[in-house]
Amino acid sequence: MSQQLSYDKTHLIISNFLNESNDKVFCFLKAEHTTGNSFVLKRYCKDNGHAIYMNLKSARSTKTLILQLLHAIEVPFVKQYQNDYLVHLLCSEIAKKKISHFVFDDIQELEASSNISEIFELFRYININTDVQFICVGFSMTASLSAEITRRSEFLNVI
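### Some thoughts on the side chain of glutamine 133
For step 1, the next point in the chain: Considering the arrangement of structural elements, one finds glutamine 133 in strand β4 (residues 133-138).
For step 2, the next point in the chain: What makes glutamine 133 buried here is its relative accessible area of 7%.
For step 3, the next point in the chain: Among the polar contacts made by the side chain of glutamine 133, one reaches the main-chain carbonyl oxygen of lysine 24 at a distance of 2.8 Å.

### Regarding helix α1 (residues 7-20)
For step 1, the next point in the chain: Along its 14 residues, α1 runs 20 Å from first to last C-alpha, staying within 8% of the 20 Å computed at 1.5 Å per residue.
For step 2, the next point in the chain: All of the buried residues in α1 are Tyr7, Thr10, Ile13, Ile14, Phe17 and Leu18. The arc that holds every buried residue of α1, seen down its axis, measures 140 degrees, which confines them to one face. Opposite the buried face of α1, by more than 90 degrees, sit the exposed residues Asp8, Leu12, Asn19 and Glu20.

### Remarks on the pattern of salt bridges
For step 1, the next point in the chain: Evaluation of the coordinates by the stated rule reveals 2 salt bridges.
For step 2, the next point in the chain: One salt bridge in this structure joins arginine 43 and aspartate 47, with 3.8 Å as the shortest N-O distance. Taken together, the residues span about one helical turn, with arginine 43 and aspartate 47 both in helix α2 (residues 37-47) at a distance of 4 residues.
For step 3, the next point in the chain: A residue is classified by how much of its surface remains accessible, and arginine 43, at 38% relative accessible area, is partly exposed.
For step 4, the next point in the chain: Across the salt bridge formed by glutamate 93 and lysine 96, the nearest N and O atoms sit 3.1 Å from each other. You can see glutamate 93 and its partner lysine 96 sitting in helix α4 (residues 83-96), 3 residues apart, about one turn around the helix.
For step 5, the next point in the chain: Accessibility expressed as a relative area gives 57% for lysine 96, which makes it exposed.

### Concerning a nonpolar patch on the surface
For step 1, the next point in the chain: Side chains of Val78, Tyr81 and Tyr85 sit close together on the surface and give an oily, nonpolar patch of about 260 Å² of accessible area.
For step 2, the next point in the chain: Inspection of the secondary structure assignment puts tyrosine 85 in helix α4.

### Remarks on the nonpolar core
For step 1, the next point in the chain: In this structure, Leu65, Phe102, Phe104, Ile126 and Phe134 are the most contacted members of the largest nonpolar core, which totals 34 residues.
For step 2, the next point in the chain: Sorting the residues of this core by element identifies β1 (26-30), β2 (51-55), α3 (62-72), α4, β3 (101-105), α5 (116-130) and β4 as the ones contributing at least two each.
For step 3, the next point in the chain: Grouped together as the second largest cluster of nonpolar side chains are 18 residues, Leu5, Ile13, Cys27 and Val103 included.

Criteria and cut-off values
- Residues numbered from 1 in each chain as written.
- Predicted model: local features only at pLDDT ≥ 70, side-chain atom pairs only at ≥ 80, totals over all residues.
- Heavy atoms only, no water.
- Helix = DSSP H or I, 4+ residues; strand = E, 2+ residues; numbered from the N terminus.
- Buried < 20%, exposed > 50% of the residue type's maximum accessible area, 1.4 Å probe, protein only.
- Polar contact = N/O pair within 3.5 Å; in protein donor to acceptor, adjacent residues only side chain to side chain.
- Expected span 1.5 Å × (residues − 1).
- Arc of directions from axis to C-beta.
- Salt bridge = Lys/Arg side-chain N within 4 Å of Asp/Glu carboxyl O.
- Patch = residues over 30% accessible without salt bridge, like charges linked within 9 Å, V, L, I, M, F, W, Y side chains within 5 Å.
- Areas by Shrake-Rupley, 256 points an atom, 1.4 Å probe, with all protein chains shown as cover.
- Core = buried A, V, L, I, M, F, W, Y, C linked by side-chain atoms within 4.5 Å.

In structure tokens form, the structure reads like this:
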């Protein structure tokens, strides 16, 4: 059963995940599809200088996602670079800026991507190279997203 996010509950859940789950990479929060969730997540990230908010509505490919991640952490880049260089740049900047976690809103939007496995492998690679963790928030878990999550033991279903 999903619930609407509240700031205090969201802060507590994420803090507990980050403090108690150092070996975990992903946390999935399922919340009702309401108009206040994005505000709560943005506020949480604003109050936590080591958290970065990102909406996944337009993440349709791995390259698009890499570019969105770079944009979210305010890194200037040139789009024509190869993915390998951009990922190296991303990992370097995450470490330099001491980012501890990304908060992804609308995780169910990854369903539109044809390469969900590749995207989650990218997240895992970023984690291995930076120790950054990923908080994934959405109102539904589609079949392919659920399969990807089930396949990975590091996921923690919080709500």
